Amino acid sequence: MFAATLIVFRESLEAALVIGIVAAATRPIAGRGWWIALGAGAGVAGAVAVAAVARSISQLAGGSGQELFTAVVLALAVAMLAWHNVWMASHGRQIAAQARDLGKSVARGEVALTAIVTAIALTVLREGSETVLFLVGIASSANSSRAAMVIGSVLGLVAGGAAGTLMYVGLLRVPVHRLFVVTGWLILLLAAGMAGQFARVLIQADLLPALASPLWDTSSWMPDDSVLGTLLRALLGYQAQPTATQVLFYVAALVLISAAMRRAQSRRPAA
Amino acid sequence: MKVLLALLSLSGPVLAADPEVTIQLHEHHFAPSEIKVPAGTKVKLIIDNQDATPEEFDSFALNREKIVFPNSKAIVFIGPLKPGRYEFVGEFNQKTAKGVVIAE
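Quick caveat, the model's predicted, so the values are computed rather than measured.

K.L.:
Even after reading the chapter, I still don't get the overall build of chain B, so can you show me in this structure?
P.N.:
Counting its secondary structure elements, chain B contains one helix and nine strands. Each helix (α) and strand (β) of chain B, taken in turn from the N terminus, gives the series α-β-β-β-β-β-β-β-β-β. Long-range pairs, those at least 24 residues apart, make up 59% of the contacts in chain B between residues at least 6 apart in sequence.

Here it is as structure tokens:
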């Protein structure tokens, strides 16, 4: 039962943190709760659909279909998070200024919302499809501890949701004029982490070379499966033994997105 | 540039065929559960799941995770590895599905 809790918690953690951060980042935008729910809902529906055809997907591209599919989903999610951040860089100050005005809602957040809803849906879809496959495995096994595993899975999902809620509540304590700077950084790091994962799956499929593997090894003092390691993995893309290829993609995403944000900020339209 | 070339050379010869190792998964046990691979070269792992349930081949040490569908095979490229022991598990059945890759 505990094993099931841990599996589902790990799979749901990243998606929950993305939702928590995004919910805080879009705080002043009217009706954003519905949009976030829509993104999460679409992600769950997508996860079930993907799980249903996952076997066929995995057989594509000479057995590397799973990796290619994950890579495409990750790349799209990175693009969406980047888009959101760039948009916020040019409109964020304006939104923050309006939001301070007695919590008045900002109506013109459609662009940021479209990007963010898509990013949520993609993250839930990617992490969720593995959870669905795990649950289907439990359901189809003749295991006597089936009920306990289902309860364990639900607990894992609750724990993941709690982590996301904690992130959201924590961010709510940040004053509005600083909130977008903080969420911007968090989203930037999430995107860089996903870019690193993108490299990892392509290395696994032998579509990218594993340069300097591993570039460093911190597994003795912060293992990937430790509490802090798991959290930093979901939040920053931490890995105890990454290849140089992953680090290159991580840094490239970080540099490119922040450069685009800076550019957008300097071209901020007059309020 | 020199550093880049040195890094590239670590990824092993491109033309030589990668060594292949097949691991069977039967009743949530890996067989063999201990596999020896050459260090310093990329290796093609073939995981043959003979069970009726899906499994996730998972290893933090190898930096890999992949779903293996019921009664089917999955390919995972690993390495090039430094000499050492690299543990892996079947994440969905961690109590029994355990193994180790030994690079030497």
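K.L.:
Please clarify how the overall build of chain A should be interpreted in this entry.
P.N.:
Per the secondary structure count, chain A includes eight helices and zero strands. Starting at the N terminus, the α and β elements of chain A follow one another as α-α-α-α-α-α-α-α. On the principal axes, the C-alpha backbone points of chain A span a range of 60 × 45 × 40 Å. Per-residue burial for chain A yields a buried fraction of 49% across its 271 residues. In chain A, 84% of the contacts between residues at least 6 apart in sequence involve partners at least 24 apart.

K.L.:
Sorry, what's going on with the nonpolar core here?
P.N.:
If you look at soluble globular proteins, the nonpolar side chains tend to sit buried side by side. All names here are of chain A. If you look at the biggest cluster of nonpolar residues, it comprises 103 residues, and the most contacted ones within it are Ile21, Ile120 and Ala191. The element best represented in this core is helix H1 (residues 2–25), accounting for 15 residues. When residues no more than four places from it in sequence are discounted, the contact partners of Ile120 are Val18, Ile19, Val22, Ile36, Gly39, Ala40 and Gly43.

K.L.:
Just to check I follow, could you spell out the interface of chain A and chain B for this structure?
P.N.:
Accessible area lost when the parts come together is the quantity often used to give the size of an interface. Each partner contributes to the interface: chain A provides 28 residues, whereas chain B provides 24 residues. Those elements that provide at least two residues to the side of chain A that touches chain B are H1, helix H2 (32–63), helix H4 (110–140) and helix H6 (176–204) of chain A. Residues of the side of chain A that touches chain B, tallied by class, amount to twelve nonpolar, ten polar and six charged.

K.L.:
Explain the sheet that holds strand S7 (residues 72–78) of chain B to me, please; I cannot follow it from the model alone.
P.N.:
Strands pair in a sheet through their backbones, by hydrogen bonds, and they do so in one of two ways: parallel or antiparallel. All names here are of chain B. Read from one edge to the other, the open sheet built from four strands follows the order S2-S1-S4-S7, with strand pairing classed as mixed. Sheet topology places strand S2 (29–31) and S7 at the edges, where each strand pairs with a single neighbour. Neighbouring strand axes in the sheet, compared pairwise and without regard to direction, differ in orientation by 25° on average.

K.L.:
It is not clear to me how the packing of H1 of chain A against H6 of chain A should be interpreted in this structure. Could you clarify?
P.N.:
Helix-helix packing: each pair is described by the crossing angle between the helix axes and the interaxial distance. Residues and elements named next belong to chain A. Viewed as axis vectors pointing N to C, H1 and H6 meet at an angle of 150°, and their least axial separation amounts to 9 Å. By the angle between their axes, H1 is roughly antiparallel relative to H6. Classified by chirality, the crossing of H6 by H1 is left-handed. On the side of H1, the interface is formed by Val18, Ile21, Ala24 and Ala25, while H6 contributes Leu179, Phe180, Thr183, Leu186, Ile187 and Leu190. The residue inventory of the contact of H1 with H6, partitioned by class, reads nine nonpolar, one polar and no charged.

K.L.:
Explanation requested: the pairing of strand S8 (residues 84–90) of chain B in the structure shown.
P.N.:
When a strand is regular, its side chains alternate between the sheet's two faces. Residues and elements named next belong to chain B. Pairing analysis gives two bridges linking strand S5 (residues 55–59) to S8, with the strands arranged antiparallel. Looking across to S8, one finds that Phe57 is bridged to Gly90. The pairing of S8 with strand S9 (residues 98–103) spans six bridges and is antiparallel. Within S9, the residue paired with Gly84 across the bridge is Ala103.

K.L.:
Help me understand helix H5 (residues 146–172) of chain A, please; the structure alone is not making it clear to me.
P.N.:
Two residues of an α-helix separated by three or four positions point the same way, owing to the 3.6 residues in each turn. The end-to-end C-alpha separation of H5 of chain A is 39 Å, in line with the 39 Å expected for 27 residues at 1.5 Å each. Inspection of H5 of chain A places Met149, Gly152, Ser153, Gly156, Gly160, Ala163, Gly164 and Met167 of chain A among the buried residues, and these make up the whole buried set.

K.L.:
Can you help me understand the environment of Trp83 of chain A in this one?
P.N.:
Residue and element names in this part refer to chain A. Looking at where Trp83 falls in the secondary structure, it is placed in helix H3 (residues 65–100). Judged by C-beta crowding, with 20 C-beta atoms within 10 Å, Trp83 ranks as buried. When the C-alpha positions of Trp83 and Ala260 are compared, they lie 9.2 Å apart, and in sequence the two are 177 residues distant.

Definitions and limits used
Residues numbered from 1 in each chain as written. Chains lettered and ligands numbered in written order. Predicted model: local features only at pLDDT ≥ 70, side-chain atom pairs only at ≥ 80, totals over all residues. Helix = DSSP H or I, 4+ residues; strand = E, 2+ residues; numbered from the N terminus. Contact = placed C-beta atoms within 7 Å. Buried ≥ 20, exposed ≤ 12 C-beta atoms within 10 Å, placed from the backbone. Core = buried A, V, L, I, M, F, W, Y, C linked by C-beta atoms within 7 Å. Nonpolar A, V, L, I, M, F, W, Y, C, P; charged D, E, K, R; others polar. Pairing = 2+ DSSP bridges. Axes fitted to C-alpha atoms, helices over the stretch in contact; angles between N-to-C directions. Parallel < 35°, antiparallel > 145°, perpendicular 65-115°, else oblique. Left-handed = near helix turned anticlockwise from the far one by under 90°. Expected span 1.5 Å × (residues − 1).

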